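In case you want the letters, here they are:
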Amino acid sequence: MSQFAPLKNDTFLRALLRQPTDYTPLWLMRQAGRYLPEYRATRARAGSFLGLAKNPDYATEVTLQPLERYPLDAAILFSDILTVPDAMGLGLYFADGEGPKFERPLRDEKAVMALQAPQLDSLQYVFDAVTQIRTELNGRVPLIGFSGSPWTLACYMVEGGGSDDFRTVKTMLYDRPDLMRHILRTNAAAVAAYLNAQIDAGAQAVMIFDTWGGALADGIYQEFSLQYMADVMRQLKREKDGVAIPAIVFTKGGGLWLEQIAAIGADAVGLDWTVNLADARRRVGDKVALQGNLDPNVLFAGHAQIEAEVRKLLTSFGKPAAGNGHVFNLGHGISQFTPPEAVTVLVDAVHSISRELRQ
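Keep in mind the model is a prediction, meaning the values are calculated, not measured.

What counts, and at which threshold
- Residues numbered from 1 in each chain as written.
- Predicted model: local features only at pLDDT ≥ 70, side-chain atom pairs only at ≥ 80, totals over all residues.
- Heavy atoms only, no water.
- Helix = DSSP H or I, 4+ residues; strand = E, 2+ residues; numbered from the N terminus.
- Buried < 20%, exposed > 50% of the residue type's maximum accessible area, 1.4 Å probe, protein only.
- Pairing = 2+ DSSP bridges.
- Expected span 1.5 Å × (residues − 1).
- Bend = angle between axes of the 7 residues up to and from the residue.
- Contact = heavy atoms within 4.5 Å.
- Core = buried A, V, L, I, M, F, W, Y, C linked by side-chain atoms within 4.5 Å.
- Arc of directions from axis to C-beta.
- Axes fitted to C-alpha atoms, helices over the stretch in contact; angles between N-to-C directions.
- Parallel < 35°, antiparallel > 145°, perpendicular 65-115°, else oblique.
- Nonpolar A, V, L, I, M, F, W, Y, C, P; charged D, E, K, R; others polar.
- Salt bridge = Lys/Arg side-chain N within 4 Å of Asp/Glu carboxyl O.
- Polar contact = N/O pair within 3.5 Å; in protein donor to acceptor, adjacent residues only side chain to side chain.

### Quick look at unusual backbone geometry
At step 1: A cis geometry characterises the amide bond from Gly292 onward to Asn293, with omega recorded as -5°.
At step 2: By secondary structure assignment, the location of Asn293 is in the loop between strand S10 (289-291) and helix H14 (303-317).
At step 3: Unlike most non-glycine residues, Arg18 shows phi in positive territory, near 60°.
At step 4: Looking at where Arg18 falls in the secondary structure, it is placed in the loop between helix H1 (11-16) and helix H2 (37-46).
At step 5: On the basis of relative accessible area, Arg18 is assigned to the partly exposed category, the value being 24%.
At step 6: Phi at Asp241 is positive, roughly 55°, even though this residue is not glycine.
At step 7: Within the secondary structure, Asp241 is located in the loop between strand S6 (239-240) and strand S7 (243-244).

Take a look at the structure:
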């Protein structure tokens, strides 16, 4: 018996499971974030990004903020993909204006071979936030849990932060593939355990963000990113209390490999804005649902243009049929400079146009 309130709006979950829906559900990557003045106010109170992410009260507050403003169809846990390597002892910190950094990146054989999956109790603040958010949602919409992919986490762990060219991590991949595989095996075990703990804490769907998979060469992507996401999929809980827990995978820049991504066992595949949605639907058939894929910069255009692009995208996917599913989203995270009123236009357009196209 679930400790949580029954779900009032399951449209998002139904779309992921390729069941009929009355309209196309949507949520936005980074929907709880810097484009919202209320988020910036909460972050100022928290004192730092990590102060926000590691405090379940603050994480709950910012997760719910976009839902107070917009009738979105899902909430996503407010956290960071780097919580897992942080719990592995790499020393995560945020430099002003520079994004995340690690004090102890994996640069030599000794550091790599010492790497172990973290004890889950070191991530208890994440699971506490999941339970608190799910409780406070009170069944309004489902809650998405998430993790970075094994490869994307490895990029930060070896580079020591973000990178323009991934020179350090790719040098290790080509020079010492044995070390890279050790990191990726460790990360895959950690990601699976982390997502399963989020599911136990109350997450109703989970997503793997493979932000940097598209930086890899063809052939290398399959061996060093896709294979390890497939490992995670094999270890994931796919139901809780008799209810299905859908899984989404998203490789930014991965449109080239769509059929292969669709074959690893996820329920849905996220698409960036370089992929044609009608073509993607033809390519995957009824194997998976699709999520995406509006260019986030459309939200800087006028309101009529936003509505026109929404219509174009929904028309491109076409009328959902049995065995197909579509969740509307951006092709990547929402920009911090997005006017909040543009999101109002977007959400209203997706809901109204998708109902109209089902007539």
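### A look at the sheet that holds S10
At step 1: With respect to topology, seven strands assemble into an open sheet ordered S1-S4-S5-S8-S9-S10-S11, the strand pairing being parallel. Strand pairing shows two members of the sheet lacking a second neighbour, strand S1 (75-76) and strand S11 (326-327), which therefore form its edges.
At step 2: In this sheet, strand S5 (residues 205-210) lies alongside strand S4 (residues 143-148) in parallel orientation, the contact comprising five bridges. Looking at S5, one finds that Ser147 is bridged to Ile208.

### Quick word on helix H11 (residues 220-235)
At step 1: Between its first and last C-alpha, H11 extends 23 Å over 16 residues, near the 22 Å set by a 1.5 Å rise per residue.
At step 2: At Leu226, H11 shows its maximal bend, which comes to roughly 35°.
At step 3: Among the residues making up H11, those that are buried are Ile220, Tyr221, Gln222, Phe224, Ser225, Leu226, Tyr228, Met229, Ala230, Val232 and Met233.
At step 4: Of the surrounding secondary structure, the elements contacted by the buried residues of H11 are helix H8 (150-159), helix H9 (167-175), helix H10 (177-201), S5, strand S8 (247-251) and helix H12 (258-262).

### So, the nonpolar core
At step 1: Within the largest apolar cluster, 132 residues are counted, with the highest numbers of intra-cluster contacts made by Phe12, Trp27, Met180 and Leu346.
At step 2: Take this core: its biggest share by element is 13 residues, from H10.
At step 3: Not counting the four nearest positions on each side in its chain, Leu346 is found in contact with Leu26, Leu28, Leu294, Leu299, Ile306, Val310, Phe328 and Leu330.

### Quick notes on H9
At step 1: Every buried residue belonging to H9 is among Val169, Met172 and Leu173, and all of these are buried. Projected down its long axis, H9 shows its buried positions confined to an angular sector of 100°, all on one face. Residues of H9 that are exposed and point over 90 degrees away from its buried face: Arg167, Tyr174 and Asp175.
At step 2: Along its buried surface, H9 packs onto helix H6 (109-113), H8, H10 and H11.

### Notes on the packing of H2 against helix H4 (residues 56-69)
At step 1: Contact pair H2 / H4: the axes reach a minimum separation of 9 Å and the direction vectors enclose 170°. As judged from the angle between their axes, H2 and H4 are roughly antiparallel. Facing Pro37, Glu38, Tyr39, Thr42, Arg45 and Ala46 of H2, the residues of H4 in contact are Tyr58, Glu61, Val62, Gln65 and Arg69.
At step 2: Its residues assigned to classes, the contact of H2 with H4 shows five nonpolar, two polar and four charged.

### Regarding the pattern of salt bridges
At step 1: Applying the stated rule across the entire model yields 18 salt bridges.
At step 2: With a shortest N-O distance of 3.7 Å, Lys240 and Asp200 are connected by a salt bridge. Taken together, the residues span a long stretch of sequence, with Lys240 in strand S6 and Asp200 in helix H10 at a distance of 40 residues.
At step 3: The residue Asp279 makes a salt bridge to Arg282 at a minimum N-O spacing of 3.7 Å. Remark: Arg282 and Asp279 occur in helix H13 (residues 277-284); sequence separation between them is three residues, near one turn of the helix.
At step 4: Looking at Arg282, the relative accessible area reads 62%, which means it is exposed.
At step 5: Salt bridges sharing common partners tie together Glu259, Asp279, Arg282 and Arg283.

### Some details on the side chain of Asp267
At step 1: Mapped onto the secondary structure, Asp267 falls in the loop between H12 and strand S9 (268-270).
At step 2: A distance of 2.8 Å separates the side chain of Asp267 from the side chain of Arg238, its partner in a polar contact.
At step 3: In this structure, Asp267 is in contact with Leu16, Leu17, Arg18, Arg238, Ile245, Pro246, Ala247, Val288 and Ala289, ignoring residues within four places of it in sequence.

### Notes on the side chain of Thr338
At step 1: Note that Thr338 resides in the loop between S11 and helix H15 (340-357).
At step 2: One polar contact links the side chain of Thr338 to the main-chain carbonyl oxygen of Ser335, over a distance of 2.8 Å.

### So, the pairing of S5
Within a regular beta strand, the side chains point alternately toward one face of the sheet and then the other, so they alternate between its two faces.
At step 1: Burial of S5 is extensive: six of the six residues sit out of reach of the surface.
At step 2: Residue alternation in S5 divides its side chains into two sets, Ala205, Met207 and Phe209 and Val206, Ile208 and Asp210, and both sets are buried.
At step 3: The sheet contact formed by S5 and S8 spans five bridges and is parallel. The partner of Val206 across the bridge, within S8, is Ala247.

This is a description of form; function is not addressed.
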